[in-house]
Amino acid sequence: MKKLMHLICLLPVAGLLLTTGCSKKAETAEVHGNPNPEHVIALITKLTNTVYWQAVFAGAKEAGKDYGYEITWGGSDRETNSTPQIELVDKAISEHVSGVVIAPVDRTALVPSVNHLADLKIACVSIDSGLDAVRFLSIASTDNYQGGVLAAQSLGKALGGKGNILVVRHIPGSHAAAKRVAGFTDTIAKEFPSITIVDSESGQDEAAISERVTEEMLRKHPDVQGLFACNVDTSVGALEALQAEKRTDVKMVAFDPAKSLIDGLRSGEVVAMIVQDPYKMGYDGIKVVALHIKGQTSTRVIDTGVEVVTSENVTAPKIMRLLGEQQ
């Protein structure tokens, strides 16, 4: 997901102020207090240097306080690189932690690591994105298919049910992004038969790549009226492409917040933005591990919610909390 910040960040989430140093390298938060591994849960995220993942960490820390666990935090350097996550799982195993909460970069690459955790009876929860593995306790994430449905309905309504549109996809290995695109394309076909997806390209995991491929699609298909980008990197890049090509006539639906996208909502360049609740993902992931250790079970799938943000509701208290400091 999301390279929004490269400076020291202040993030207000659910009344907290989280100050985190940002770096392109994988990071691990210090463990404070009791270093006993029986009271440690490892949080492994896709990245550590974005507002989104800092919100996940803030939720995880709060759950750690509530359930009596210290939280270590590390992540990859890019959403296309699963190696740092595999190494962090190995590190967690060597340190005999109580559990692991992981947001997998790739749905298949992390399967052996998760299965190894199960073999060792180390509790594991997946958050944000799914896995092809089945040996984990729960998944706490957005209903990404529903997020795609909401995106399609928002764009279809904005276009009056007709027109040509583009889709900017994320990296192929992302389970979450694939679900969003599936929900979007299925809904367009089912509910808006007069809307045609004329092209769909991957912007990979960088806004710059997303900008380039969007510009190429716009030039190849000038007769388009709408665009859907399925994560923050693709959304930021697609908006920059629309601005560079001066395509103010193209109605855009974005996924995940960034300051430029929120500004786009207010200016009318973005008609809707689909947002998640990363704080809740982090909190619920730690909670499931803690309850499991106490002998309590949790539901297999935990829906952490998804909301549609428009210019009309962007200042609503619930939406402002989800947008965090980017508002």
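Residues numbered from 1 in each chain as written. Predicted model: local features only at pLDDT ≥ 70, side-chain atom pairs only at ≥ 80, totals over all residues. Heavy atoms only, no water.

Chemist: I'd love a proper account of helix 2 (residues 83–94), names of residues and values included.
Modeler: When the terminal C-alpha atoms of helix 2 are compared, their 17 Å separation across 12 residues agrees well with the 16 Å that a helix rising 1.5 Å per residue should span. Looking one or two residues beyond helix 2, the residue adopting positive phi is H96, at roughly 55 degrees. (Helix = DSSP H or I, 4+ residues; strand = E, 2+ residues; numbered from the N terminus. Expected span 1.5 Å × (residues − 1).)

Chemist: Break down the environment of A103 for me, citing the residues and quoting the values.
Modeler: With respect to the helices and strands, the residue A103 is situated in the loop between strand 6 (99–102) and helix 3 (111–119). It is 5.6 Å that separates the C-alpha atoms of A103 and D128, two residues lying 25 residues apart in sequence. For A103, the contacting residues outside a window of four places in its chain are I44, T45, K46, W53, Q85, I127 and D128. (Contact = heavy atoms within 4.5 Å.)

Chemist: Could you give an account of the nonpolar core, with specific residues and numbers?
Modeler: V168, L227, M252, L261, M273, V309 and L323 are the most contacted members of the largest nonpolar core, which has 28 residues in total. Elements that contribute at least two residues to this core include exactly strand 9 (163–169), helix 6 (207–220), strand 11 (226–229), helix 7 (232–244), strand 12 (251–255), helix 8 (259–267), strand 13 (270–275) and helix 10 (317–323). Ranked by residues supplied to this core, first place goes to helix 7 with 5 residues. If near-sequence neighbours (up to four positions away) are discounted, L227 is found in contact with L155, I165, L166, V168, T214, A238, V250, K251, M252 and V253. Counting residues in hydrophobic clusters, the runner-up holds 25 residues, among them I41, L47, V125 and Y283. (Core = buried A, V, L, I, M, F, W, Y, C linked by side-chain atoms within 4.5 Å. Buried < 20%, exposed > 50% of the residue type's maximum accessible area, 1.4 Å probe, protein only.)

Chemist: Which residues make up the packing of helix 6 against helix 7, and what values go with them?
Modeler: Where helix 6 meets helix 7, the axes come as close as 7 Å, and the angle between the chain directions of the two elements is 45 degrees. Taken as axis vectors, helix 6 and helix 7 run oblique relative to one another. Relative to helix 7, helix 6 is oriented so that their crossing is right-handed. In contact with A207, S210, E211, T214, E215 and L218 of helix 6, helix 7 contributes D233, T234, V236, G237, A238, E240, A241, L242 and A244. When the residues that make up the contact of helix 6 with helix 7 are grouped by side-chain class, the tally is 7 nonpolar, 4 polar and 4 charged. (Axes fitted to C-alpha atoms, helices over the stretch in contact; angles between N-to-C directions. Parallel < 35°, antiparallel > 145°, perpendicular 65-115°, else oblique. Left-handed = near helix turned anticlockwise from the far one by under 90°. Nonpolar A, V, L, I, M, F, W, Y, C, P; charged D, E, K, R; others polar.)

Chemist: Break down the pairing of strand 7 (residues 123–127) for me, citing the residues and quoting the values.
Modeler: A large share of strand 7 lies buried, amounting to 5 of its 5 residues. With burial as the criterion, each face of strand 7 is covered, one bearing A123, V125 and I127 and the other bearing C124 and S126. Where strand 6 meets strand 7, 4 bridges bridge the pair, whose relative direction is parallel. Its bridge partner being in strand 7, G99 is matched across the sheet by A123. The parallel pair strand 6 and strand 7, bridged by helix 3, forms a crossover whose chirality is right-handed. The sheet contact formed by strand 7 and strand 8 (residues 139–141) spans 2 bridges and is parallel. Bridging from a neighbouring strand, S126 pairs with I139 of strand 8. (Pairing = 2+ DSSP bridges. Right-handed = clockwise from strand over helix to strand, strands pointing away.)

Chemist: Let's hear about the pattern of salt bridges: which residues, and what values?
Modeler: With the rule as written, the count across this model stands at 14 salt bridges. Salt-bridge contacts for D128 lead to K46; the nearest nitrogen and oxygen are separated by 2.9 Å. Pair noted here: D128 is in the loop between strand 7 and strand 8 and K46 is in the loop between strand 4 (40–45) and helix 1 (51–67), with a separation of 82 residues, a long-range link. Of the two residues, D128 and K46, both sit in the buried class. Across the salt bridge formed by R107 and D132, the nearest N and O atoms sit 3.0 Å from each other. Taken together, the positions of R107 in the loop between strand 6 and helix 3 and D132 in the loop between strand 7 and strand 8 put the pair 25 residues apart, joining distant regions of the chain. Residue classification places R107 among the partly exposed positions, given a relative accessible area of 29%. (Salt bridge = Lys/Arg side-chain N within 4 Å of Asp/Glu carboxyl O.)

Chemist: Describe in detail the packing of aromatic side chains, supporting the description with residues and values.
Modeler: Under the defined criterion, the tally for this structure stands at 3 aromatic pairs. For the ring pair F57 and W73, a centre distance of 4.3 Å and an interplane angle of 20 degrees mean the geometry is stacked. With a gap of 16 residues between them, F57 in helix 1 and W73 in strand 5 (residues 70–75) connect regions that are remote in the sequence. Comparing F57 with W73 shows no difference in burial state: the two are buried. With centroids separated by 4.4 Å and ring planes inclined at 15 degrees, the aromatic side chains of F184 and F228 adopt a geometry described as stacked. (Phe/Tyr/Trp six-rings, centres within 6.5 Å; stacked < 30°, edge-to-face > 60°.)

Chemist: Hey, could you go over the sheet that holds strand 10 (residues 195–202) for me, with residue numbers and the actual values?
Modeler: On the basis of which strands lie adjacent, the open sheet formed by 6 strands has the order 10-9-11-12-13-15 and mixed pairing. This sheet does not close on itself; its edge strands, each paired only once, are strand 10 and strand 15 (307–309). With strand direction ignored, the average angle separating the axes of adjacent strands in the sheet is 20 degrees. One ladder, built from 4 bridges, connects strand 12 with strand 13; its direction is parallel. Bridging from a neighbouring strand, M252 pairs with V270 of strand 13.

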